[in-house]
Amino acid sequence: MTAITPIDYEFDRQHIWHPYTSMTHALPAFGVVSADGCELTLDNGKRLIDGTSSWWACVHGYSHPYIVNAMQSQLQTLSHVMFGGVTHHPAIEVSKKLLAMTSANLTKVFLADSGSIAVEVAMKMALQYWQGRQQPNKQRILTVKHGYHGDTFAAMSVCDPEGGMHTMFGDAVTKQLFVDAPQTPFGEPLQPDDLNAMRQMLTNQHESIAAVIIEPIMQGAGGMRFYSADYLKALRALCDEFNVLLILDEIATGFGRTGKLFAYEHASIEADILCVGKALTGGYISLAATLCSDEVAQGISDSPSGVFMHGPTFMGNPLACAAASASLDLIATNDWQAQVAQIEAQMTTELSPATSLVGVKSVRVLGAVGVIEMHQAVNTAQLQQAFVDLGVWVRPFANLIYIMPPYSISATQLSQLTSAMLSVASTITAPTNTEANKQFISHG
Ligand code: PLP
């Protein structure tokens, strides 16, 4: 057995930022030395069943030989090369697969380096498109409250205006247009007035609106809210009526998470611009993509610059494309529908007893997403430790104790996760809102 190099926690605490944390009052971090299947191994040898898929990305589990082999062989031939003036097999392969699996109207792929960048790219595309259509006044983005689209500035500007980082950064964040979040729950017919505010805003402001951006069916980091497919269908119709593009952010929902390959399929609609990321590479390495229609691409070509103004250094990174290509092969060949349906059924049965717990506000399940919403914000650090003690990896945020396990999780492993969730939720009987619980919208 190879000896494990001890983790230098002190160095980590003193010098390395972790997501959404303080550098002066660092929260504890657990040392992970390896991961395989649906388990993480800590430096003390303890194994934890993973309920997070590493922030919703690692859908096939860790160290999957098919993805590892694809990455290893790509490394040996071409790890990276600039994408300006160059192309390569991995970018072409992954783009072909993406176009084949998404709606027929989407024909162009921009390979971005992260989800936030895919959103920036989508917003830029929408703005440039309208320049090319001689409507340069269409520059604002309309969205719904409780959204989350990433941490870069344009992405932040369309995150929830209260829970997001708007107040923190003031005027540096572009003022976008917001209406109330969808209220009709998933699986229910549209409540008659649910889109009134959206219609009103479009009626009044459509001449200045370039696009509507929304997370289809599930608002993730903004509250794990599942809403009606009818809402999405009606929103598509409204965008057409008012000549506004529809950007769907499938970064969290794409590749099967909600029970359909893409969440927009619940509503049988098409996006003008589609963002994907996270599970695109199976969670092995960062890559995202923004897809658009011929019409959007043509509009951009007709804009004064004639070219699309974005091109990061690591655009189309071959190693990331090879991982994504392998992950998409697994999506094509694994029976993810059956896996997600099984996870959904099991979570529905096993999480429902949580409804009777005193601290619990609601329990909901959709696809491979299981959520216990508490009345009050929880203490993330405390709960995280409690979960580790129970042998599972679950990272609650705000008032949500949730899991999004890898699709390959076994029934036994999933039961361990759900029973840990019940056990931890049952310990919360009073408000635990403390300094440790930043309520900002993030998956932190
Ligand atoms: N969009 C959605 C819906 C997300 O859930 C996230 C991340 O959680 C992002 C965008 C940002 O992606 P990334 O963290 O890769 O920048």
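Please read these numbers as outputs of a predicted model, since none were measured by experiment. (Residues numbered from 1 in each chain as written. Predicted model: local features only at pLDDT ≥ 70, side-chain atom pairs only at ≥ 80, totals over all residues. Heavy atoms only, no water.)

Visitor: Please clarify how the overall build of the protein should be interpreted in this entry.
Guide: Helix and strand counts for the protein stand at 14 helices and 16 strands. Taking 444 residues into account, the globule formula puts the C-alpha radius of gyration at 22 Å, and the protein, at 22 Å, falls close to it. With the C-alpha coordinates of the protein rotated into their principal frame, the extents come out at 60 × 55 × 45 Å. With 444 residues in all, the protein has 52% of them scored as buried. Put simply, of all contacts in the protein between residues at least 6 apart along the chain, 72% involve residues at least 24 apart. (Helix = DSSP H or I, 4+ residues; strand = E, 2+ residues; numbered from the N terminus. Rg over C-alpha atoms; globule rule 2.2 N^0.38 Å. Buried < 20%, exposed > 50% of the residue type's maximum accessible area, 1.4 Å probe, protein only. Contact = heavy atoms within 4.5 Å.)

Visitor: I tried to follow the environment of Arg 225 on my own but got confused; where do I start?
Guide: Mapped onto the secondary structure, Arg 225 falls in strand S9 (residues 225–226). With 149 residues separating them in the primary sequence, Arg 225 and Met 374 have C-alpha atoms 13 Å apart. Ignoring sequence-local partners within four residues, the contact set of Arg 225 consists of His 146, Ala 181, Pro 182, Gln 183, Ile 217, Met 218, Gln 219 and Arg 364. Within polar-contact distance, the side chain of Arg 225 engages the side chain of Gln 219 at 2.8 Å. (Polar contact = N/O pair within 3.5 Å; in protein donor to acceptor, adjacent residues only side chain to side chain.)

Visitor: Looking at this structure, how should I read helix H3 (residues 65–77)?
Guide: Every α-helix winds through 3.6 residues per turn, so residues three or four apart in the chain are directed the same way. Taking 1.5 Å of rise per residue, 13 residues should cover 18 Å, and H3 covers 18 Å from first to last C-alpha, within 8% of that figure. Of the residues making up H3, those classed as buried are Ile 67, Ala 70, Met 71 and Gln 74. Looking straight down H3, one finds that the buried residues subtend no more than 95° of arc, so they occupy a single side. Of the exposed residues in H3, those oriented more than 90 degrees away from the buried face are Pro 65 and Gln 76. Of the surrounding secondary structure, the elements contacted by the buried residues of H3 are helix H4 (89–101) and helix H11 (318–333). (Expected span 1.5 Å × (residues − 1). Arc of directions from axis to C-beta.)

Visitor: I would appreciate a short explanation of the packing of helix H5 (residues 115–132) against helix H10 (residues 294–301) in the present structure.
Guide: How two helices sit against one another is set out by the angle between their axes and by the gap between those axes. Where H5 meets H10, the axes come as close as 7 Å, and the angle between the chain directions of the two elements is 65°. On the basis of their axis angle, the class for H5 and H10 is roughly perpendicular. Where H5 crosses over H10, the two elements pack in a sense that is left-handed. Residues Met 125, Gln 128, Tyr 129 and Gly 132 of H5 lie in contact with H10, whose contacting residues are Glu 295, Val 296, Gly 299 and Ile 300. For the contact of H5 with H10, the per-class residue count stands at four nonpolar, three polar and one charged. (Axes fitted to C-alpha atoms, helices over the stretch in contact; angles between N-to-C directions. Parallel < 35°, antiparallel > 145°, perpendicular 65-115°, else oblique. Left-handed = near helix turned anticlockwise from the far one by under 90°. Nonpolar A, V, L, I, M, F, W, Y, C, P; charged D, E, K, R; others polar.)

Visitor: Please clarify how the side chain of Glu 250 should be interpreted in this entry.
Guide: Following the sequence through the fold, Glu 250 ends up in the loop between strand S10 (245–249) and strand S11 (273–276). Buried and unpaired, Glu 250 has no salt bridge, with Arg 257 as the nearest side chain of opposite charge at 10 Å. In terms of polar contacts, Glu 250 uses its side chain to reach the backbone amide nitrogen of Tyr 264, at 2.9 Å. (Lys, Arg positive; Asp, Glu negative; His and termini not counted. Salt bridge = Lys/Arg side-chain N within 4 Å of Asp/Glu carboxyl O.)

Visitor: Whenever I open this one, the nonpolar core confuses me. Can you help?
Guide: One recurring pattern in soluble globular proteins: nonpolar side chains tend to sit buried together. Residues Met 198, Met 224, Phe 255 and Ile 401 are the most contacted members of the largest nonpolar core, which totals 94 residues. With sequence-adjacent residues up to four places away left out, Phe 255 is seen in contact with Leu 98, Met 101, Leu 261, Phe 262, Val 276, Gly 277, Ala 279, Leu 280, Leu 328, Ile 331 and Tyr 407. Counting residues in hydrophobic clusters, the runner-up holds 28 residues, among them Phe 110, Met 123, Ala 211 and Ile 213. (Core = buried A, V, L, I, M, F, W, Y, C linked by side-chain atoms within 4.5 Å.)

Visitor: Sorry if this is basic, but what is going on with the pattern of salt bridges here?
Guide: Where side chains of opposite charge bring their charged atoms close, a pairing between them can arise. In this structure the tally under the stated criterion is 14 salt bridges. We note a salt bridge from Arg 47 to Glu 39, for which the minimum N-O separation is 2.6 Å. Put simply, Asp 36, Glu 39 and Arg 47 are held in one network by salt bridges that share partners.

Visitor: Sorry if this is basic, but what is going on with the environment of Ala 181 here?
Guide: Along the chain, Ala 181 turns up in the loop between strand S6 (177–179) and helix H8 (196–205). Judged by relative accessible area, Ala 181 falls into the buried class, the value being 3%. For the pair Ala 181 and His 146, spaced 35 residues apart in sequence, the C-alpha separation works out to 6.2 Å. Dropping the residues within four chain positions of it, Ala 181 is found in contact with Val 144, Lys 145, His 146, Asp 194, Gln 219 and Arg 225.

Visitor: Before we go on, may I ask you to explain unusual backbone geometry in this structure?
Guide: Peptide bonds are trans in most cases, and residues, glycine excluded, mostly fall at negative phi. The phi dihedral of Asn 243 falls on the positive side, at around 60°, and the residue is not glycine. Relative to the helices and strands, Asn 243 resides in the loop between helix H9 (229–241) and S10. Judged by its relative accessible area of 41%, Asn 243 is partly exposed.

Visitor: Any chance you could explain the sheet that holds strand S2 (residues 39–42) here in plain terms?
Guide: What holds strands together in a sheet is hydrogen bonding between their backbones, with the strands either parallel or antiparallel. Pairing is mixed across the open sheet formed by four strands, whose spatial order is S1-S2-S3-S15. With partners counted over all chains shown, the strands left at the sheet margins are strand S1 (32–36) and strand S15 (392–393), one partner each. Relative to S2, S1 runs antiparallel, the two sharing four bridges. Residue pairing in the sheet places Val 32 in a bridge with Leu 42 of S2. (Pairing = 2+ DSSP bridges.)

Visitor: Can you walk me through the packing of aromatic side chains in this structure?
Guide: Within this structure, the stated rule accounts for 10 aromatic pairs. On the basis of an interplanar angle of 90° and a centroid distance of 6.2 Å, the ring pair of Trp 56 and Tyr 402 is categorised as edge-to-face. Of the two residues, Trp 56 sits in helix H2 (residues 53–56) while Tyr 402 sits in strand S16 (residues 400–403), which places them 346 residues apart along the sequence. Assessed through its relative accessible area of 3%, Trp 56 is described here as buried. Looking at Tyr 402, the relative accessible area reads 1%, which means it is buried. Where Phe 397 meets Tyr 402, the ring centres are 5.6 Å apart and the plane angle is 80°; that geometry is what we call edge-to-face. Taken together, Trp 56, Phe 397 and Tyr 402 form an aromatic cluster joined through their ring pairs. Positioned over the ring face of Trp 130 is Lys 138, at 4.6 Å from the centre of the ring. Its guanidinium or amino end placed over the ring of Trp 56, Lys 278 lies 4.7 Å from that ring's centre, counting from NZ or CZ. (Phe/Tyr/Trp six-rings, centres within 6.5 Å; stacked < 30°, edge-to-face > 60°. Lys NZ or Arg CZ within 6 Å of the ring centre and 35° of its normal.)

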